[in-house]
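Structure assessment
One letter stands for each residue in the lines below.
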Protein chains: 2
Amino acid sequence: MSGAIRLAVIGLGKIARDQHLPAIASSDAFELVATVSRDGARSDGIPHFEEVGDLAESNIGVDAVSVCTPPQVRRAVAQAALARGWHVLLEKPPAATLGEAEALRDLACARETTLFASWHSRHAAGVAPARAWLADREIRSVRIAWREDVRVWHPGQAWIWQPGGFGVFDPGINALSIITHILPRPLFVTAADLEVPENCAAPIAGTVSMCDSAGVNVAMELDFLQQGPQSWDIAIETDAGTLRLAKGGAEVSFPDGRQPPAENDGEYPALYAHYAELIRAGESDVDLAPLRIVADAFLKGRHRQVAAFIE
Amino acid sequence: MSGAIRLAVIGLGKIARDQHLPAIASSDAFELVATVSRDGARSDGIPHFEEVGDLAESNIGVDAVSVCTPPQVRRAVAQAALARGWHVLLEKPPAATLGEAEALRDLACARETTLFASWHSRHAAGVAPARAWLADREIRSVRIAWREDVRVWHPGQAWIWQPGGFGVFDPGINALSIITHILPRPLFVTAADLEVPENCAAPIAGTVSMCDSAGVNVAMELDFLQQGPQSWDIAIETDAGTLRLAKGGAEVSFPDGRQPPAENDGEYPALYAHYAELIRAGESDVDLAPLRIVADAFLKGRHRQVAAFIE
């Protein structure tokens, strides 16, 4: 493939408008050739379609798509795109269930197209330095605190409370995508406590206890009703002191107080640079570990009903 | 390896005593050399140990183990066995979470030992004929009814109600192990409704709706409080009529009323014959699809609290 990769964005909700379209606009590797969305929102001057089928039947050449719809419809959209030979980037989480995500992985493999199950938080500026520093350390324990105000960060996103929307695990999976990337051993869910509003299908708060195969404990606290200061923090205690990630991985501080300067241009530009590399190399990147931990937390967790959530 | 495979059974609960020990006794391929169980129940004349570590430190030669403990401790026991180079058969479900099961699969692969994540219902007499008959048919829909009285079939098994015990999905996963073996395409959970007693962590009844990648619907009903006739039935509607499996897969009937004679000696003798074949061939058999469907049902399902269950 020579020249820019001709890209269509499918699903024009908050994340597409806030992150994907600006990152694509600033990328030399991609050319935005179309948008697809049922609700009619569109980018000025770019051809727009209501359905993937309408785009496919147009005369617009497409090499790749980014699927930014809510997770509940991602499998059907991505399956249609892969079947046409298009490369596919999936926003996180890659699907509403593990079965859907594994089927997409198998389909991309059979079709020899690129599938990128993206985890934007893995591209946060502090994550690569944290991973490099931890490689030489003995890890003793990990604490995750992910507390945000859903009314501020997810206005009108009703899908988040529906089956397959994951509730507070929609942000929480970002923390899981970081720790599964920077810790050396796989994690097992040992216990979980999930608080589910009586009018919702997904939890609004919870705790998850994990351990790795060497017995290191990882504790996660999730809250979607946090007032005041918001927390997207990970503290990793090691034999050389405590490493801290803050602001969702954007900031890292080492035990000596050192804070390395940011090494990339932000999560989504780095994410699109990786997508372009995968396409050029004919490879896929599908790590389902964060989604598997969420599924295991629901499987092994106690689900407790709490007061209704009214946005 | 020549001669009988020297086997230890770890966990001597109901399933080990009812099924594993008789199947091993009737097998020429295996020789029972030890049992391991904390509660002291043992088989007459066979060396017995309270912990896997005690067996390992004895002078008894062991080639392989069968792990029949409750699922919550299976990962730790199996990890220790694989680390010693022993082959491992896991009773179903293979672990309490998907993460645990995948880690065991990866460990067996790295150690080059046999791991058999067994699904006894796949060896029920009607399953192989059903699979062969379905291979040439167009499948239109599938209905599963799995209704049994937990007080009759699982007396005193408190672990079934604890996190990782799966509740009514402990029998229900047997149905899933059959349909994932005889249907041609992978299944996706589209919806689930789970009824969880207020004093339990796992459901006592539920429904799961699934579809495959071609849009075929699969509906499952689970009930753990069935009085009177018990049901372990699967009906598969095809372009050539309806195939029915009854009694947990033991009986198959084709649309013309024909019922083929049983082709094997029962689930567990067939299961142990397959285990011996895997060990002789240096292979593993780890299909996690049934467990993944259960996890996806918990992930995507609505969890509803119902009256307490008192055995």
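Residue numbers here run from 1 along each chain, matching the order of that chain's written sequence. As they are written, the chains are lettered A onward and the ligands numbered 1 onward, keeping that order. Reporting of local features is limited, given that this is a predicted model, to residues whose pLDDT is at least 70; pairs of side-chain atoms are given and counted only at 80 or more, and all residues count toward the totals for whole chains, interfaces and linings. Water and hydrogen atoms were dropped before computing side-chain values, which therefore reflect all heavy atoms in the structure.

Before going further, it helps to examine helix 8 (residues 267–281) of chain A. Residue and element names in this part refer to chain A. Secondary structure follows DSSP: runs of H or I at least 4 residues long count as helices, runs of E at least 2 residues long count as strands, and numbering of each begins at the N terminus. Here the expected span of a helix is defined as 1.5 Å times the quantity of residues minus one. Along its 15 residues, helix 8 runs 21 Å from first to last C-alpha, staying within 8% of the 21 Å computed at 1.5 Å per residue. Buried, partly exposed and exposed residues are distinguished by accessible area as a fraction of the type maximum, computed with a 1.4 Å probe on protein chains only: under 20%, between the cut-offs, and over 50%, respectively. If you check which residues of helix 8 are buried, you get Tyr268, Ala270, Leu271, Tyr272, Tyr275, Ala276, Leu278 and Ile279. The positive-phi residue at the C-terminal boundary of helix 8 is Gly282, with phi of around 70 degrees.

All right, on to the relation of the copies chain B and chain A then. One copy of the chain maps onto the other through a rotation about an axis plus a displacement along that axis. Here the copies are superposed with least squares, the fitted atoms being C-alpha atoms of residues at a pLDDT of at least 70 in both. Once chain B has been moved 0.0 Å along the axis and rotated by 180 degrees, it coincides with chain A to within an RMSD of 0.0 Å. The symmetry that links the two subunits is that of a two-fold axis. Should any heavy atoms of two residues lie within 4.5 Å, those residues are counted as being in contact. A shared interface surface links the copies, since 100% of the contact residues of chain B are contact residues in chain A too.

A separate point is the domain arrangement of chain A. All names here are of chain A. If you check the domain split of chain A, you get domain 1 (5–117) and domain 2 (121–264 + 294–306). An automatic or database domain assignment supplies the start and end points of every domain. Taking only C-alpha atoms, the centre of domain 1 and the centre of domain 2 are 27 Å apart. At the junction of the two partners, domain 1 supplies ten residues and domain 2 supplies 14 residues. Values labelled buried area give the accessible surface lost by two parts on being combined, using a 1.4 Å probe and summing over both. Approximately 830 Å² of surface area, both sides summed, lies buried where domain 1 meets domain 2, with 62% of it carried by carbon and sulfur atoms. The largest per-residue losses of area from domain 1 upon contact with domain 2 belong to Lys14, Gln72 and Lys92, which jointly make up 52% of the total buried on that side. What makes a salt bridge here is a side-chain nitrogen of Lys or Arg within 4 Å of a carboxyl oxygen of Asp or Glu, nothing more. For the pair domain 1 and domain 2, the number of links is one salt bridge. Between Asp170 and Lys92 there is a salt bridge whose closest N-O contact spans 3.6 Å. Any pair of nitrogen or oxygen atoms within 3.5 Å is treated as a polar contact; in protein, a donor-acceptor pairing is required on top of that, and neighbouring residues in sequence qualify only through side-chain atoms on both sides. Where domain 1 packs against domain 2, one counts four residue pairs in polar contact (both at pLDDT 80 or more).

Moving on: the packing of helix 7 (residues 169–182) of chain B against helix 9 (residues 289–300) of chain B. Residues and elements named next belong to chain B. Axis lines are fitted to C-alpha atoms, over the contacting stretch for helices. Their N-to-C directions set the angle, which ranges from 0 to 180 degrees. Packing of helix 7 against helix 9 leaves a shortest axis separation of 8 Å and a crossing angle of 125 degrees. Taken together, the axes of helix 7 and helix 9 are oblique relative to one another. The handedness of the crossing between helix 7 and helix 9 is right-handed. Facing Phe169, Ile173, Leu176, Ser177 and Thr180 of helix 7, the residues of helix 9 in contact are Ala289, Pro290, Leu291, Ile293, Val294, Ala297 and Phe298. Of the residues belonging to the contact of helix 7 with helix 9, the class tally is ten nonpolar, two polar and no charged. Put simply, angles under 35 degrees are roughly parallel, angles over 145 are roughly antiparallel, angles from 65 to 115 are roughly perpendicular, and the rest are oblique. By convention the crossing between two helices is left-handed if the near helix lies anticlockwise of the far one by an angle smaller than a right angle, and right-handed if it lies clockwise. Here the nonpolar group is Ala, Val, Leu, Ile, Met, Phe, Trp, Tyr, Cys and Pro; Asp, Glu, Lys and Arg are the charged ones; every other residue, Gly included, is treated as polar.

Note on ring pairs: Phe, Tyr and Trp rings are taken, using the six-membered ring of Trp, and paired if centres are within 6.5 Å. Classes follow the plane angle, with under 30 degrees stacked, over 60 edge-to-face and the rest tilted. What the rule picks out here adds up to 18 aromatic pairs over all chains. Their ring planes at 85 degrees and their centres at 5.4 Å tell us that Trp153(B) and Trp232(B) sit as a pair that is edge-to-face. Within this pair, whereas Trp153(B) is found in helix 6 (residues 150–153), its partner Trp232(B) is found in strand 11 (residues 231–238), the two being separated by 79 residues in sequence. The exposure class of Trp153(B) is partly exposed, given its relative accessible area of 39%. Feature note: the residues Phe30(A), Phe116(A), Tyr272(A) and Tyr275(A) constitute an aromatic cluster, connected by ring pairs. Whether a charge sits over a ring comes down to the Lys NZ or Arg CZ being within 6 Å of the ring centre and within 35 degrees of the ring normal. Over the face of the ring belonging to Trp133(A) we find Arg137(A), whose NZ or CZ atom lies 4.1 Å from the ring centre.

Our next topic: the side chain of Lys92(A). Residues and elements named next belong to chain A. Here Lys92 lies in the loop between strand 5 (87–90) and helix 4 (98–111). Looking at Lys92, its side chain comes within polar contact range of the side chain of Asn174, at 3.3 Å. Not counting residues within four places of it along the chain, the set of residues in contact with Lys92 comprises Arg74, Ser118, Trp119, His120, Asp170, Ile173 and Asn174.

Time to look at the interface of chain B and chain A. Where interface size is given, it is often the accessible area lost as the parts come together that is meant. Between chain B and chain A, the contact holds 29 residues from the first and 29 residues from the second. Summing both sides of the interface, chain B and chain A together bury roughly 2,700 Å²; the carbon and sulfur share of this comes to 60%. At the junction of chain B with chain A, the criterion picks out two salt bridges. The shortest N-O distance in the salt bridge between Glu102(B) and Arg292(A) comes to 2.5 Å.

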